[in-house]
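# Fold and geometry: a report
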Amino acid sequence: MGLERNEILEAIRYKCLDCSGYSYTEVDNCKIFSCPLHRFREGRNIRRVKGTSKKALLDAIRRKCLDCCFGNREAVRECPVVTCPLYPFRMGKLKLQSP
């Protein structure tokens, strides 16, 4: 597993923890199947899950960011929440310049 892939998986895990009130149990038992991050919520522990290429992970993050911004692509681009774990990946790319 490459370093970039691990960074992406960790960002997803931290976002899931943020969403669940920092409860590992809540993340593990998450029932929000419609969330684009759901299948990747276990972070680095998902080696068995198919479709975990960098592209698949970045696509899931992009969909989550669009969901958070009600489908507004401009809002995703101009997102002010720099503390969000997904922020560096919000445009569906590996690295994004900090604001």
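Okay, so let's go over this structure.

Quick notes on the rules
- All residue numbers here refer to positions counted from 1 along the written sequence of the relevant chain.
- Given that the model is predicted, a residue must reach a pLDDT of at least 70 before its local features are reported, and side-chain atom pairs must reach 80 or more before they are shown or counted; all residues, however, enter totals for whole chains, interfaces and linings.
- With hydrogens and water excluded, all non-hydrogen atoms of the structure serve as input to the side-chain values.
- Secondary structure follows DSSP: runs of H or I at least 4 residues long count as helices, runs of E at least 2 residues long count as strands, and numbering of each begins at the N terminus.
- Relative accessibility under 20% of the residue-type maximum defines a buried residue, over 50% an exposed one, and the middle range a partly exposed one, all with a 1.4 Å probe and only protein chains included.
- A helix is expected to span 1.5 Å multiplied by its residue count minus one.
- Salt bridge, as used here: a side-chain nitrogen of Lys or Arg that lies within 4 Å of a carboxyl oxygen of Asp or Glu.
- In this analysis, two residues are considered to be in contact whenever any of their non-hydrogen atoms come within 4.5 Å of each other.

### Description of unusual backbone geometry
Even without being a glycine, tyrosine 22 presents a positive backbone phi close to 60°. Position of tyrosine 22 among the secondary structure elements: in the loop between α1 (3–19) and α2 (24–28). Since its relative accessible area comes to 56%, tyrosine 22 is described here as exposed. Positive phi, close to 55°, is recorded for phenylalanine 70, a residue that is not glycine. Mapped onto the fold, phenylalanine 70 is located in the loop between α3 (54–68) and α4 (73–77). Judged by its relative accessible area of 80%, phenylalanine 70 is exposed.

### Looking at α3
Helical geometry note: an α-helix holds 3.6 residues per turn, so side chains three or four residues apart project in the same direction. For α3, spanning 15 residues, the distance from its first C-alpha to its last is 21 Å, which sits close to the expected 21 Å at 1.5 Å a residue. If you check which residues of α3 are buried, you get Leu57, Leu58, Ala60, Ile61, Arg62, Lys64, Cys65 and Leu66. Where α3 terminates, the next one or two residues include phenylalanine 70, which has phi positive at roughly 55°.

### Comments concerning the pattern of salt bridges
Charged atoms that come close allow side chains of opposite charge to pair. Tallying each qualifying case throughout the model produces 5 salt bridges. Notably, a salt bridge pairs glutamate 4 with lysine 54, separated by 2.9 Å at the nearest N-O pair. Separated by 50 residues along the polypeptide, glutamate 4 in helix α1 and lysine 54 in helix α3 bring together distant segments of the chain. Taking relative accessible area as the criterion, glutamate 4 reaches 32% and is therefore assigned partly exposed.

### Quick word on the environment of lysine 54
A residue is classified by how much of its surface remains accessible, and lysine 54, at 34% relative accessible area, is partly exposed. The spatial distance from the C-alpha of lysine 54 to the C-alpha of asparagine 6 is 9.3 Å, given a sequence separation of 48 residues. Leaving out residues up to four positions away in the same chain, lysine 54 has contacts with Glu4, Arg5, Ile8 and Leu94.

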